[in-house]
Amino acid sequence: MLELRGITAGYDRRAPVVRDVSLTLAAGESVGLLGPSGCGKSTLARVAALLHRPDAGTVVVDGTEARGWRHRAPRAQRTAFGVVFQQPRLSADPRLRLRDLIAEPLRATGAPDGIGELATAVGLSDDLLARRPHQVSDGQLQRACLARALALRPRWLVCDEMTAMLDASTTAALVSVVEDYRRENGAGLLAVGHDPVLLGRWCDRVVRWTDLAPGSGPTGGGQAGRGM
Amino acid sequence: MGDRLRLSAALVAVVVLTALVAPVAWPLDEQAVDLAAKLRPPSWAHPFGTDEVGRDLLLRCVHGLRVSLLVGVVAALAATVVGTAVGTLAGALGGWADRVVMRLVDLFSSVPHLLLGIFVVAMFRPGVWPVVASVAVTHWLSTARIVRAELLSLRTRPYVDAAISGGASRWRVTVRHLLPAVLPRAGLAAVLMVPHAIWHESALSFLGLGLPAHTASLGSMAQAARGTLLAGQWWPTLFPGLFIIVPTLAVAGLAGAWRERLDPRRRSELAL
C-alpha cells in the first residue's frame, strides 16, 4: 500500500504547487494520474517516490512512514521505487553506455551484475547496449531508462509521462514491458500523464487531478523550478 | 580540429622537452657576468642577444622556462585540486554546507590576492615552493565557484533522481555522475590559470619576495628588461615574453581539443 496523506509540496513555500492532496494505492494496484501540464502531478509523483520533500503531509510506503527524502531516505525504502521520467535525454547520464546505465543501480547497491534479462525484456540488442545516450533514439533511450528502473525489482513503479515523447509502437512496447513486470512481481504503478485514452487502457483506476485537488488549478509555467 | 590538436601537442612536447633536457645539456652558471658584452643584439654567438650584465639570453630563457613551467603548472594544479574539492563540498551537499563554504570563499575573495600571496611567501625563505603555495592559496576561489555552480545545476537533473532511486549514495552520485561532468571545465580553468601563475611569480619576484634575483625566471627577466626596452633594446623583453606566450598557447590549444574529446556528444561528431 502506498499512501499519500495531505501532501503540500512545491518549490517555494509561499506558493506550493500541490496543496493538501491525498491519494492511496492498494498493493499491486495501477493508478493513472491525469492532469494538464503544470498542475503539479509530476511534483506529487516525485514526492511519492521520495525524491522531493513535501512541505506538509506524510507518505506511507507499505506500512512504513517515510522520514527522509532523497539521500536521507533509507536505501531499502527509496529502492522500493522504480522511476521513469518524461525526457530520457535528461534522465540518462550522457557519459554512460546503455549497458552501464542499466547496471548502475545494481552496482550502486552491490547486487550481482547481470542485465541480460532486463535488456531482452525491453528489447535492446548488444549493439545498442554498447552505445552512449547520444547515439540512440529517444525511444531506445527510454527503453534503457525503464530497464534501469526495473533493475532492483521495485515494488512500486512511478512513470512520470513516460511515453509523452514517444511514438505509438514504442509506447505500446514500453507499457507491455511494465505490465509484464507487474504481472510477474505484483508491483504497483503510479502512471502520470495527460492522455486519458492511454491511462484508461493501461491502469486499473484513473484519477483526475481536478478531483484530487479541487483547490489548485494549473499554474502555467510547466514543471516550475525544475531547472529544465 | 585534428591539425590544431597535432600542432598543440607538438608544441607542448617541444616545450616540455626543452625545459627538461636543455638545462641539463647546457648548465647555467648563475654568477657568469660579462660586462664587456652587455646588451648585445642577437647574433650567432648569442642567438637571443645578451642582457644588461652580458649574460646569454637564450640560456637564461631555457632555464627560466623550466622554473616558470614548474611554478605555473604545479601551482595551477594545486589551486585546481583545492578549488574542486571546496566547490564539490558546497555544490554536492547544498543547503547550509553550501552557505557556510561559500561565505568562506567570499571572505577569501575580499582580501586582495596579491597581498595574501605576499603574506604567504613572506613566511618562508625565497624559493620555488613558497611561490607555488602562494599562488595556490590565492587562486582556488574561481575554480571553487565554477565547480559549485555547475554541480548545483546538475544536481536537479532527472538522472540524479534516477540514481537516488537506484540506491546510489551521496558519494556515488558525486563521484560517478557529477564530478565527471565538471572535471573538464575545472581542467580548462587550471590550464588558463598557468599563465596567470607565471605572472604572479614574476610579480612576487619583482617585489623581491619570489625567487632570488639571480635565478633565471621568465617573469623576472621580463621585469628586469623594462628599462632597456625604452632605450630601444627589444630583445631582453621579446624573448622571455615569447617563452611565456608560446607554451601558454600550446597548452591552451591542447586543453581545448581535450575538452572536445571529453564531451561525449562532440566525440561522436569526431568519429563520423
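The structure presented is a predicted model; accordingly, all values stated were derived computationally and were not measured. (Residues numbered from 1 in each chain as written. Chains lettered and ligands numbered in written order. Predicted model: local features only at pLDDT ≥ 70, side-chain atom pairs only at ≥ 80, totals over all residues.)

## Regarding the nonpolar core
Judged by nonpolar contacts, the single largest core of 130 residues is most densely connected at Ala-48, Ile-102, Ala-144, Ala-147, Val-158, Cys-159 and Leu-190 of chain A. The dominant element in this core, judged by the number of residues it contributes, is helix H2 (residues 57–93) of chain B, at 15 residues. Those residues within four positions of Ala-144 of chain A in sequence are excluded, and the remaining contacts are Ala-92, Leu-98, Leu-101, Ile-102 and Leu-124 of chain A. (Core = buried A, V, L, I, M, F, W, Y, C linked by C-beta atoms within 7 Å. Buried ≥ 20, exposed ≤ 12 C-beta atoms within 10 Å, placed from the backbone. Helix = DSSP H or I, 4+ residues; strand = E, 2+ residues; numbered from the N terminus. Contact = placed C-beta atoms within 7 Å.)

## Side note on the confidence of the model for chain A
For residues with low pLDDT, the predicted coordinates do not support detailed interpretation. All names here are of chain A. When pLDDT is averaged along chain A, the result is 87, and 93% of the positions lie at 70 or above. Looking at the elements of chain A, mean pLDDT is at its lowest for helix H10 (residues 209–212), recorded as 84, and at its highest for strand E6 (residues 81–84), recorded as 94. Low pLDDT, under 50, characterises residues 220–228; the predicted model gives this stretch 14 contacts beyond four residues in sequence or across chains. (pLDDT = per-residue confidence, 0-100.)

## Section: unusual backbone geometry
Residue and element names in this part refer to chain A. Backbone geometry places Asp-20, a non-glycine residue, at a positive phi of 50°. Backbone geometry places Arg-153, a non-glycine residue, at a positive phi of 50°. Within the secondary structure, Arg-153 sits in the loop between helix H7 (138–150) and strand E7 (156–160). Residue Arg-153 is classed as partly exposed on the basis of its 13 C-beta neighbours within 10 Å.

## Notes on the interface of chain B and chain A
Residue-level contacts link 20 residues of chain B with 29 residues of chain A. Counting residues per element, the ones that place at least two in the side of chain B that touches chain A are helix H6 (158–165), helix H7 (170–206) and helix H11 (264–271) of chain B. For the side of chain B that touches chain A, the element with the most residues is H6 of chain B, which contributes 7 residues. Considering only residue class, the side of chain B that touches chain A consists of 8 nonpolar, 7 polar and 5 charged. (Nonpolar A, V, L, I, M, F, W, Y, C, P; charged D, E, K, R; others polar.)

## With respect to the sheet that holds strand E4 (residues 56–61) of chain A
Residue and element names in this part refer to chain A. Within the open sheet, the 4 strands sit side by side as E2-E1-E4-E5. Their pairing is antiparallel. Whereas interior strands pair on both sides, the edge strands pair on one side only; in this sheet they are strand E2 (18–25) and strand E5 (64–65). Strand direction decides the pairing type here: strand E1 (residues 2–9) and E4, joined by 5 bridges, are antiparallel. By the bridge assignment for E4, Thr-8 is matched with Ala-56. The strands that helix H1 (residues 41–48) touches are E1, E2 and E4; relative to E1, the one it contacts most, it runs at about 125°. (Pairing = 2+ DSSP bridges. Axes fitted to C-alpha atoms, helices over the stretch in contact; angles between N-to-C directions.)

## Quick word on the sheet that holds strand E9 (residues 205–208) of chain A
The strands that make up a sheet are held in pairs by hydrogen bonds between backbone atoms, and each pair lies either parallel or antiparallel. All names here are of chain A. Read from one edge of the open sheet, 5 strands run E6-E7-E8-E3-E9, paired in parallel fashion. The outermost strands of the open sheet, each flanked by one partner alone, are E6 and E9. Between one strand and the next, the sheet's axes are offset by a mean angle of 15°, whatever the strand orientation. In the sheet, strand E3 (residues 30–34) pairs with strand E8 (residues 188–193) via 5 bridges, with the strands oriented parallel. Bridge pairing in E8 places Gly-32 opposite Ala-191. Seen against the sheet, H7 touches E6 and E7 and runs at an angle of roughly 170° to E6.

## Things to note about the UniProt feature "transmembrane region" (unreviewed entry) in chain B
The feature "transmembrane region" (unreviewed entry), as annotated in UniProt, sits at residues 67–92, 104–122 and 238–258 of chain B in this numbering. Structurally, residues 238–258 of chain B is divided into 100% helix and 0% strand, and its ends, taken at the C-alpha atoms, are 30 Å apart. (UniProt positions renumbered as here; feature names shortened; annotations may be inferred.)

## Brief notes about the environment of Gly-193 of chain A
Residues and elements named next belong to chain A. Summarising the element assignment, Gly-193 is placed in strand E8. When the 23 C-beta atoms within 10 Å are taken as the criterion, Gly-193 is described as buried. For the pair Gly-193 and Met-162, spaced 31 residues apart in the sequence, the C-alpha separation amounts to 7.9 Å. Beyond its immediate stretch of four places on either side in the chain, Gly-193 contacts Gly-32, Leu-34, Glu-161, Leu-198 and Leu-199.

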